[in-house]
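Letter by letter, the chains look like this.
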Amino acid sequence: NCPPDSLHHLPVHPLWQSPLTIPGGTRQSPINIQWRDSVYDPFLKPLKISYDPATCLHIWNNGYSFLVEFDDSTDRSIIDGGPLENQYRLKQFHFHWGAINDWGSEHTVDCKFYPAELHLVHWNAVVYPTFEEAVMEGDGLAVIGVFLKLGARHEGLQTLVDALPAVKHKDTVIEFDVFDPSCLMPSCPDYWTYAGSLTTPPLTESVTWIIKKQPIEVDEDQLEAFRMLLFTSDGEEEKRMVDNFRPLQPLMNRTVRSSFQ
Ligand SMILES: Cc1c(Cl)c([N+](=O)[O-])nn1CC(=O)Nc1ccc(S(N)(=O)=O)cc1
Ligand SMILES: [Zn+2]
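Conventions and cut-offs
- Residues numbered from 1 in each chain as written.
- Chains lettered and ligands numbered in written order.
- Predicted model: local features only at pLDDT ≥ 70, side-chain atom pairs only at ≥ 80, totals over all residues.
- Heavy atoms only, no water.
- Near = heavy atom within 4 Å.
- Polar contact = N/O pair within 3.5 Å; in protein donor to acceptor, adjacent residues only side chain to side chain.
- Areas by Shrake-Rupley, 256 points an atom, 1.4 Å probe, with all protein chains shown as cover.
- Helix = DSSP H or I, 4+ residues; strand = E, 2+ residues; numbered from the N terminus.
- Buried < 20%, exposed > 50% of the residue type's maximum accessible area, 1.4 Å probe, protein only.
- Contact = heavy atoms within 4.5 Å.
- Donors = N, O, S within 2.8 Å, 3.2 Å for Na, K, Ca; no water.
- Tetrahedral: all angles 85-135°; square planar, octahedral: opposite > 155°, others 65-115°.
- 1 Å grid on protein atoms, 1.4 Å probe; cavity = no way out; pocket = protein on both sides within 12 Å on 5 of 7 lines; lining within 4 Å.
- Points joined across faces, edges and corners; volume = space filled by probe spheres on them.
- Nonpolar A, V, L, I, M, F, W, Y, C, P; charged D, E, K, R; others polar.
- Salt bridge = Lys/Arg side-chain N within 4 Å of Asp/Glu carboxyl O.
- Patch = residues over 30% accessible without salt bridge, like charges linked within 9 Å, V, L, I, M, F, W, Y side chains within 5 Å.
- Lys, Arg positive; Asp, Glu negative; His and termini not counted.
- Charge placed at Lys NZ, Arg CZ, Asp CG, Glu CD.
- Phe/Tyr/Trp six-rings, centres within 6.5 Å; stacked < 30°, edge-to-face > 60°.
- Lys NZ or Arg CZ within 6 Å of the ring centre and 35° of its normal.
- Pairing = 2+ DSSP bridges.

Participant: With reference to specific residues and values, describe the site of ligand 1.
Facilitator: Of all residues adjacent to ligand 1, which total 15 residues, the nearest are His94, His96, Glu132, Thr199 and Thr200. Histidine 119 is positioned such that a nitrogen or oxygen atom in its side chain is 3.4 Å from a nitrogen atom of ligand 1. Here a nitrogen atom of ligand 1 sits 2.8 Å away from a polar atom, N or O, in the side chain of threonine 199. Protein chains shield 76% of the accessible area of ligand 1, which is 540 Å² for the free molecule. The element contributing the most residues to the shell around ligand 1 is strand E7 (residues 88-97), with four residues.

Right, here's the structure in full:
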């Protein structure tokens, strides 16, 4: 596991001040991905992603992150293949980020944080009738994690960044009716995968994590746009929405598989 961080004392969001661990949790997320301990699995298939931009509905500041939500009443935006036995429907995507560029991601690679991490949340609508039920099942959800690193401006992300001032406060929503999240995928198909959980309450152990090896690049202004969002509602004392990531969880009896050698 990762040495205690000597340079900075990582911030702990109030949500995590109480030891919010699931009693008997054996597959909690996020985790550190130790590259050399991951095991290449030649039977892992390429991940197939097919999103319909017209299924995009709105952006919502839920007081912990901002979510871009999708119409998941049909199979128009789905992923398939990879480690998955069924196709899974896209419900929403959101991000986790830090107050500064030294940290912000939920997963780490060889104990290295990225400044932010994108999560695309999908559910197994082949087997379960609703998202609510899928959230409670071991094979109910599939979340694609994409690391964000500081670099060139990301043109696809900019349309989303331009809309953020309209959802500055908790519980604000704006219509966002055409967006193709495929533009946020890195070009390299390589990924790690492991059995984990939601990283915020209810922390249910229902997630097949698919973590892309290659980060996408975003620039400082785009990260700053995330940091100007607020955890707080309009009229409350302002608290900047930053450091909304859960502390690393023990790997326990799990192996991280890689789709690449
Ligand atoms: C529990 C639940 C239900 Cl049921 C519904 N619903 O609409 O029916 N919404 N939520 C909330 C939800 O999705 N949380 C969630 C938490 C962490 C993550 S993360 N970071 O990707 O692990 C993804 C999602
Ligand atoms: Zn998340």
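There's more to say after this.
Participant: Would you mind going over the environment of methionine 185 in detail, with residue names and values included?
Facilitator: As for its placement among the helices and strands, methionine 185 is situated in the loop between strand E11 (172-175) and strand E12 (191-196). Methionine 185 gets classed as buried once you look at its relative accessible area, which sits at 17%. As for methionine 185 and valine 146, which are separated by 39 residues in sequence, their C-alpha atoms are 7.2 Å apart. In contact with methionine 185, not counting residues within four places along its chain, are Ile49, Leu120, Ile144, Val146 and Ile216.

Participant: An account of the coordination of the zinc ion (ligand 2) is needed here, citing residue identities and associated values.
Facilitator: The coordination sphere of the zinc ion (ligand 2) contains the protein donors His94 (NE2), His96 (NE2) and His119 (ND1), at a distance range of 2.0 Å. Geometry at the zinc ion (ligand 2) is tetrahedral, judged from the four donor atoms that bind it and their angles of 98 to 115° at the metal. Positions of the donor residues of the zinc ion (ligand 2) along the chain correspond to the pattern H-x1-H-x22-H. According to the relative accessible area criterion, histidine 94 is buried, its value standing at 12%. Histidine 96 sits in the buried class, given a relative accessible area of 2%.

Participant: Please set out the layout of surface pockets residue by residue, giving values where relevant.
Facilitator: What the largest pocket holds in volume is close to 840 Å³. In the lining of the largest pocket, the residues fall into 19 nonpolar, eight polar and six charged. Surrounding the second largest pocket, 24 residues form its lining, Gln92, His94, Leu198, Thr200 and Pro201 being those nearest its centre. Looking at the lining of the second largest pocket, the elements with two or more residues in it are strand E5 (66-70), E7, strand E9 (116-123), strand E10 (141-150) and strand E13 (207-212).

Participant: Provide a residue-level description of the pattern of salt bridges, including the pertinent values.
Facilitator: Here the structure, examined in full by the defined rule, presents nine salt bridges. The salt bridge partner of aspartate 190 is lysine 213, with a shortest N-O separation of 2.9 Å. Pair noted here: aspartate 190 is in the loop between E11 and E12 and lysine 213 is in the loop between E13 and strand E14 (216-218), with a separation of 23 residues, a long-range link. Among the residues examined, aspartate 190 registers a relative accessible area of 16% and is labelled buried. For the salt bridge of glutamate 224 with arginine 227, the shortest nitrogen-to-oxygen distance reads 2.7 Å. Of this pair, glutamate 224 and arginine 227 both sit in helix H3 (residues 220-227), three residues apart, which is roughly one turn of that helix. Salt bridges here are not isolated pairs; linked through shared partners, they connect Asp52, Asp71 and Arg76.

Participant: I'd love a proper account of a negative patch on the surface, names of residues and values included.
Facilitator: Together, Glu85, Glu132, Glu133, Glu137 and Asp139 give the surface a local cluster of negative charge. On the basis of relative accessible area, glutamate 132 is assigned to the exposed category, the value being 59%.

Participant: Tell me what's going on with the packing of aromatic side chains, and back it up with residues and numbers.
Facilitator: Taken as a whole and assessed by the stated rule, the structure comprises 15 aromatic pairs. Note on phenylalanine 66 and phenylalanine 95: the rings are 5.3 Å apart at their centroids and 25° apart in plane angle, and the pair reads as stacked. With a gap of 29 residues between them, phenylalanine 66 in strand E5 and phenylalanine 95 in strand E7 connect regions that are remote in the sequence. Summarising the burial analysis for this pair, phenylalanine 66 and phenylalanine 95 share the class buried. Residues phenylalanine 93 and phenylalanine 95 carry aromatic rings whose centres are separated by 6.1 Å and whose planes lie at 85° to one another, so their mutual orientation is edge-to-face. For the pair phenylalanine 93 and phenylalanine 95, a shared accessibility class is recorded, and that class is buried. The rings of Phe66, Phe70, Phe93, Phe95, Trp97, Phe176, Phe179 and Phe226 are connected pair by pair, giving a single aromatic cluster. One Lys or Arg, lysine 112, reaches over the ring of tyrosine 114 and ends 4.6 Å from the middle of that ring.

Participant: Could you give an account of the pairing of E10, naming the residues involved and the relevant values?
Facilitator: Counting buried positions along E10 yields eight of 10 residues, so the element is predominantly enclosed. Examined bridge by bridge, E9 and E10 share eight bridges and lie antiparallel to one another. Across the sheet, residue glutamate 117 finds its bridge partner in E10, namely phenylalanine 147. Two strands pair when backbone bridges link them, and E10 and E13 are joined in this way by five bridges, in the parallel orientation. When the bridges of E13 are listed, alanine 142 appears paired with threonine 208.

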